[in-house]
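Analysis of the macromolecular model
For reference, the chains in residue letters:
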Number of protein chains: 4
Amino acid sequence: MPVRIGVIGLGVMGADHVRTLHGMVANAVVTRVTDINAERSAQLGAEIESATVSSDGMELINDRDVDAVIIASHDSTHAELATACVKAGKPVLCEKPLAPTSDEAAGVVAAENGAGLISLGFNRRFDPAFAELRSVAQSGDLGAPLLVHFSHRNVESYPGADSAFSITGSAIHEFDTVPWLLGSPIVEVSWHAPKRSGRVPEKLQDPQLMLLRTADGVLTTAETFINAAFGYDVRCEVVCETGAVQVTKPDHTTVDVSGRRGTRYPSDWRPRFADSYRRELQAWVGAIMSGSPTPLATARDGLAASAVAEAVVTSMNSGGKTVTVTIPEI
Amino acid sequence: MPVRIGVIGLGVMGADHVRTLHGMVANAVVTRVTDINAERSAQLGAEIESATVSSDGMELINDRDVDAVIIASHDSTHAELATACVKAGKPVLCEKPLAPTSDEAAGVVAAENGAGLISLGFNRRFDPAFAELRSVAQSGDLGAPLLVHFSHRNVESYPGADSAFSITGSAIHEFDTVPWLLGSPIVEVSWHAPKRSGRVPEKLQDPQLMLLRTADGVLTTAETFINAAFGYDVRCEVVCETGAVQVTKPDHTTVDVSGRRGTRYPSDWRPRFADSYRRELQAWVGAIMSGSPTPLATARDGLAASAVAEAVVTSMNSGGKTVTVTIPEI
Amino acid sequence: MPVRIGVIGLGVMGADHVRTLHGMVANAVVTRVTDINAERSAQLGAEIESATVSSDGMELINDRDVDAVIIASHDSTHAELATACVKAGKPVLCEKPLAPTSDEAAGVVAAENGAGLISLGFNRRFDPAFAELRSVAQSGDLGAPLLVHFSHRNVESYPGADSAFSITGSAIHEFDTVPWLLGSPIVEVSWHAPKRSGRVPEKLQDPQLMLLRTADGVLTTAETFINAAFGYDVRCEVVCETGAVQVTKPDHTTVDVSGRRGTRYPSDWRPRFADSYRRELQAWVGAIMSGSPTPLATARDGLAASAVAEAVVTSMNSGGKTVTVTIPEI
Amino acid sequence: MPVRIGVIGLGVMGADHVRTLHGMVANAVVTRVTDINAERSAQLGAEIESATVSSDGMELINDRDVDAVIIASHDSTHAELATACVKAGKPVLCEKPLAPTSDEAAGVVAAENGAGLISLGFNRRFDPAFAELRSVAQSGDLGAPLLVHFSHRNVESYPGADSAFSITGSAIHEFDTVPWLLGSPIVEVSWHAPKRSGRVPEKLQDPQLMLLRTADGVLTTAETFINAAFGYDVRCEVVCETGAVQVTKPDHTTVDVSGRRGTRYPSDWRPRFADSYRRELQAWVGAIMSGSPTPLATARDGLAASAVAEAVVTSMNSGGKTVTVTIPEI
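Taking an unreviewed UniProt entry as the reference, chain A is identified by name as Myo-inositol 2-dehydrogenase/D-chiro-inositol 1-dehydrogenase belonging to Hoyosella altamirensis. Of the comments in the UniProt record for chain A, the one headed Sequence similarities (unreviewed entry) reads "Belongs to the Gfo/Idh/MocA family."

What follows is the structure, encoded as structure tokens:
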């Protein structure tokens, strides 16, 4: 009996999930899809023979032919829909963020009440390179981790992106990755402005630099540059007492041409992380099949990432002050 | 309706296929398994809930709950079992080689009679790096391919390996990859002996060097070194008129420690090619589902690779003469 | 007529300079050497046939057979000896630092009074990789520089190294390199403590992280880790508006062995920067020959680096406050 | 007393040598220059203050102000001029080839009569990467060498280049490098034609592939591609019993821009090997100063390389037959 999955929100991410589940994940069948754009729903419903279109998210969640739900709709809808899944007793994979504010995220965690139904889509945890990075960093083979260097570069920001979005929408991946890498929560942050690129929208400071300190004392430098132009690129190095480890650029081929030897960058995150989404979905489905706790990020992880993002925004708005991360009580 | 698959032969390769199909391939269910070792069959039957144990390959092939068959049993059984699948009208994925000799392989191709039921397990075609290499080489962006350099290195040979095995059991992957890369069959070969490693069994010349010429005039240097000791490593570069392209070493992390910066080699082919097997199996299942021709190597490709292997053995036995490849008439 | 050079201080650095001048630099002859350790002087005097031993630095400076002087003696002697060279009207290449404090360095700059006689031994300016990095960063091909990432790692600290030494003795190279790379002085700094390595002496915070802001608004993250254990390693990346450029690890060979592909790290800075010293000395001698202004760092550059170092120490002692760099008036 | 050097032939190579000796080599002074093109001689004589112009090579060789001679004139003049140097009892650094044919080269060796005056300009021996490659290969750390892979690629051939020139003018570097790497002479060769590039002159087979066997049994694959278009590139890997070692691409910076990460290729051999020429010249001068045997390739090495080139041409002209290398008796 495969897991019957309903997918809410069929934008780039949601549609990718539907196709990945349908074509590359064992023991999963997409039975329902829905989107606020009726045309999108109809198209995907026609493409995926196993799936029919639900009229809206709530109907989909409560459908008897849906065992588990993926929420990939607009960020503002995540908290309400995830809470509805909890009420319906169904496992849900919610794209980040869990909620627009950490207070609202805390509300969802409270509603979940330890049931373990919510998984957060922090896909990097399933990227083989980041998984190996974490495994080496935590192995002790290089001594204790002391310092982490992160660079997160996109080609171009979405229209209307402002400085806060760079933190809550892009750097939030680092806010989950760093504690997961180190096994220690981020407790203190500060925000710093490099020279501003002359190529970016007016309301946007880009690039940005953040310092993140985890409870174990490790310091992380996190660069976010969402108009880096040259390609989509994520780098991470963990510096330990007797050695250092970093993720490699994942290339298939190297080309010599026109006076240069080179490898390619993708123009967005999808080619870079396609396989991590497949692995994430497979792990999620496998855990549902076997009744195991989710191996994905939890609602509490999502809450923690939101609280860090808010602390960084506070630092930015106060001219770079060091700010303590506060997680709302549940 | 998923494709119901029976797997014959549960050694390393066969057991891997069962687990991959079961845990990571969409639209597939393993319904039957069998092995000449009854204990192995029983273990895997117990591990995979959907699968029951057939008494032998022939029973499995003719089972009504088997839509498609994988042959991963001893090389000597491939031809007979593949022919039985053809007779039963069932798609079959046969591990290489199709048959011990090109004459026997030609018999299987004749028996298949154009039905397109047989796929050969030349998994490299589904490795993302080799797929990208081929795509770049055939794109014309670098002009026409002129020369190919291959190195194929294993850590250690199986006990009893002799010089012919290095050709028919290991280099045979190159005999399929080169024509697939270039879109042109191998027509002429010669075999050459580098200095023999002092660490290898007595009957084995290791490493070996082969020159392979395809019908388009491109020359390939193919090194096979099955006791290379340092790790499992496959390299390939295609030199074209205005540039060159090569597969990169597929690493996830780079480690700095003890005076060195380095990346790891796996000790055998499985970590290197695990994802290619998953993709191959998914592509095979997908083609069966949709009734499309197999995107895998065909029986005719398997026959061609066997004919090349025989020509190389002939060159070896004649002191390195240039030998024309002869494909038996069907 | 070759330039007749006297070398004061024959420790590792001074003795290297003598041998490089003698064996690999055109138009230079080492005529005098001296060291507070008489045995050392005698040994080098015997090794280098052209050189005789002076009784002390002052005598060497005023010797008629000395056209130009290299100061590689203890840091505490630099200011006095450099000033003596200025008084004698002789070009002098002084190892960093120019003086123990920026006030004393300012005194030397005042004494020099624009004569241009003093060069500072910031050898990285003559490293081909750093020179190319600067050339690309300043070319405008990648747009304007916005952000710089530096890592400076040594194997092991000298006995007795404390946290201030890591700044004034090691990071001081970055304090010269960054303004030289960007063509803009460092105006503001802050100091931050990553997790402290458990392997380092008690009085030492190691690693350290500094943020350096240049007048052009560019922000630099500078990691100094003087007990990094794995090897001597200096990395630098300049992130610009449309691209990024970094120095590569300078390797001659790559070795595959024992399950790894790897390159070596040297155990100290000398193999990494040997060629930069040769180029620096050749450039210095060439400028003296032709009467051109020194292409090396000047006394004023040395003063600026000392002022930055002091600001960083101030930040460290005040718990990481942002500190403005103050250059003493001359 | 520096070594007083005269340089015959002021084309690209000769003029480079003059400038390198003058500006970057210790203990050398260029006292005489000459070229069949009087304008060239005059220009360089004016540029280099220490040098005056000799009327021709013979006059230069016999000049009392010349201690040692560099021959960088046309290939056809090498044998006669080198022999004149021997007669004059002066050390001579002769660019390759020693002579147009191995018979003529043997005549020069005979004339030298063991005096050790002649050095051959096989500069790769002084490239730090090739030197390290040789050191690792001969260390035994990776077991015995078994197989060597060489690729030698230029951007574009000189007008009028034919297939023999690719062997005698370009691959001849490999014919010296391989025996030097392995410590064993080349005894047997064969020549093979990959697909011919459609971009090359009519009389030229390009690329070419050669198999070279040394007396120790090691086999070398040597690709020469003089119209490779993408850049000047020399690669070499030595495969040993328990590991492999290869020269790395010598890059100073890596650039990320326009969807690619890349490093540059030079457009000809000079930037790649500039430092090897400086080291070669310094080593040559140093040996003359100290009266030591030359650390450069000898006349006998030059003879051996010419004999290998002739054997490869013979193989080419006989359709790829295996040919034994014959060194003329002296």
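1. Description of the environment of D:Leu93
Mapped onto the elements, D:Leu93 comes out in strand β5 (residues 92–94). Other than its neighbours up to four places away in sequence, D:Leu93 contacts D:Val69, D:Ile70, D:Ile71, D:Ser119, D:Leu120, D:Gly121, D:Glu280, D:Leu281, D:Trp284 and D:Leu296.

2. Focus: unusual backbone geometry
Across the junction of A:Lys96 and A:Pro97, the peptide omega takes the value -5°, indicating a cis bond. Mapped onto the secondary structure, A:Pro97 falls in the loop between β5 (92–94) and α5 (102–112). Phi angles above zero are rare outside glycine, and A:Asn27 is one such case at about 65°. With respect to the helices and strands, the residue A:Asn27 is situated in the loop between α1 (12–24) and β2 (28–34). Judged by relative accessible area, A:Asn27 falls into the partly exposed class, the value being 30%. Backbone geometry places C:Asn113, a non-glycine residue, at a positive phi of 55°. For C:Asn113, the location among the structural elements is in the loop between α5 (102–112) and β6 (118–120). On the basis of relative accessible area, C:Asn113 is assigned to the exposed category, the value being 65%.

3. With respect to the relation of the copies chain B and chain A
Rotating chain B by 180° and moving it 0.0 Å along the rotation axis overlays it on chain A with an RMSD of 0.0 Å. A rotation of that kind, with that shift, is consistent with a two-fold axis. Residue B:Ala26, judged by its C-alpha, is the member of chain B lying nearest the rotation axis, at 2.1 Å.

4. Structural notes on the relation of the copies chain C and chain A
Overlaying chain C on chain A yields an RMSD of 0.0 Å, the required transformation being a rotation through 180° with an accompanying axial translation of 0.0 Å. A share of 100% of the interface residues of chain C reappears at the interface of chain A, consistent with the copies meeting face to face through the same patch.

5. Some remarks on the side chain of A:Glu95
Residues and elements named next belong to chain A. Among the secondary structure elements, Glu 95 is positioned in the loop between β5 and α5. One buried charged residue, Glu 95, forms no salt bridge at all, with the nearest opposite charge on Lys 96 at 6.7 Å. Other than its neighbours up to four places away in sequence, Glu 95 contacts Met 13, His 17, Ile 71, Ala 72, His 78, Leu 120 and Gly 121.

6. Describing the sheet that holds strand β1 (residues 3–8) of chain B
Residue and element names in this part refer to chain B. Within the open sheet, the seven strands sit side by side as β3-β2-β1-β4-β5-β6-β15. Their pairing is mixed. Both edges of this open sheet fall to β3 (52–53) and β15 (297–298), since each of them pairs with a single strand only. Across the face of the sheet, helix α4 (residues 78–88) comes into contact with β1, β4 (68–71), β5 (92–94) and β6 (118–120) while running at roughly 175° to β4.

7. A word on the state of the cysteines
All names here are of chain B. One pass over the structure, following the stated rule, counts zero disulfides over all chains. The thiol of Cys 94 is unpaired, and the distance to the nearest cysteine sulfur, on Cys 85, comes to 8.4 Å. In this model Cys 236 remains outside any disulfide bridge; the closest cysteine sulfur is found in Cys 240, 11 Å from its own. By relative accessible area, Cys 236 is classed as buried at 1%.

8. Examining the UniProt feature "domain: Gfo/Idh/MocA-like oxidoreductase C-terminal" (unreviewed entry) in chain A
UniProt marks residues 168–324 of chain A with the feature "domain: Gfo/Idh/MocA-like oxidoreductase C-terminal" (unreviewed entry), using the numbering shown here. Within residues 168–324 of chain A, the helical portion is 36% and the strand portion 31%, while the C-alpha atoms at the span's ends are 17 Å from each other.

9. Quick word on the UniProt feature "domain: Gfo/Idh/MocA-like oxidoreductase N-terminal" (unreviewed entry) in chain A
As annotated by UniProt and renumbered to match this structure, "domain: Gfo/Idh/MocA-like oxidoreductase N-terminal" (unreviewed entry) occupies residues 3–117 of chain A. The span residues 3–117 of chain A carries 43% helix and 19% strand; its end-to-end C-alpha distance comes to 15 Å.

10. A look at the interface of chain C and chain A
With 39 residues of chain C at the interface, the matching set in chain A holds 39 residues. For the pair chain C and chain A, the summed buried area comes to about 2,700 Å², and 62% of that belongs to carbon and sulfur atoms. Of all residues in chain C, the largest losses of buried area upon contact with chain A belong to C:Leu146, C:Lys195 and C:Glu241, amounting jointly to 21% of the total for that side. At the junction of chain C and chain A, the tally comes to four salt bridges. The salt bridge involving A:Glu237 is made with C:Arg235; its shortest N-O contact spans 2.9 Å. Taken together, chain C and chain A are joined by 16 residue pairs in polar contact (both at pLDDT 80 or more).

11. As for the packing of aromatic side chains
This model, assessed by the stated rule, comprises 16 aromatic pairs over all chains. The interplanar angle of 75° and the centroid separation of 6.5 Å between the aromatic rings of B:Tyr158 and B:Phe165 together place this pair among those described as edge-to-face. Look at B:Tyr158 and you get exposed, because its relative accessible area is 52%. A ring pair is formed by C:Tyr232 and C:Phe273, whose centres lie 6.2 Å apart and whose planes are at 80°; its orientation type is edge-to-face. In this pair, C:Tyr232 is assigned in the loop between β10 (219–225) and β11 (233–240) and C:Phe273 in helix α8 (residues 269–290), connecting sequence segments 41 residues apart. Of the two residues, C:Tyr232 and C:Phe273, both sit in the buried class. Directly above the aromatic system of A:Tyr265 lies the positively charged group of A:Lys249, at a separation of 4.3 Å from the ring centroid. One Lys or Arg, B:Arg272, reaches over the ring of B:Phe273 and ends 4.4 Å from the middle of that ring.

How each quantity is defined
- Residues numbered from 1 in each chain as written.
- Chains lettered and ligands numbered in written order.
- Predicted model: local features only at pLDDT ≥ 70, side-chain atom pairs only at ≥ 80, totals over all residues.
- Heavy atoms only, no water.
- UniProt positions renumbered as here; feature names shortened; annotations may be inferred.
- Helix = DSSP H or I, 4+ residues; strand = E, 2+ residues; numbered from the N terminus.
- Contact = heavy atoms within 4.5 Å.
- Buried < 20%, exposed > 50% of the residue type's maximum accessible area, 1.4 Å probe, protein only.
- Least-squares fit on C-alpha atoms with pLDDT ≥ 70 in both.
- Lys, Arg positive; Asp, Glu negative; His and termini not counted.
- Salt bridge = Lys/Arg side-chain N within 4 Å of Asp/Glu carboxyl O.
- Pairing = 2+ DSSP bridges.
- Axes fitted to C-alpha atoms, helices over the stretch in contact; angles between N-to-C directions.
- Disulfide = S-S within 2.5 Å.
- Buried area = accessible area lost by both parts, 1.4 Å probe.
- Polar contact = N/O pair within 3.5 Å; in protein donor to acceptor, adjacent residues only side chain to side chain.
- Phe/Tyr/Trp six-rings, centres within 6.5 Å; stacked < 30°, edge-to-face > 60°.
- Lys NZ or Arg CZ within 6 Å of the ring centre and 35° of its normal.

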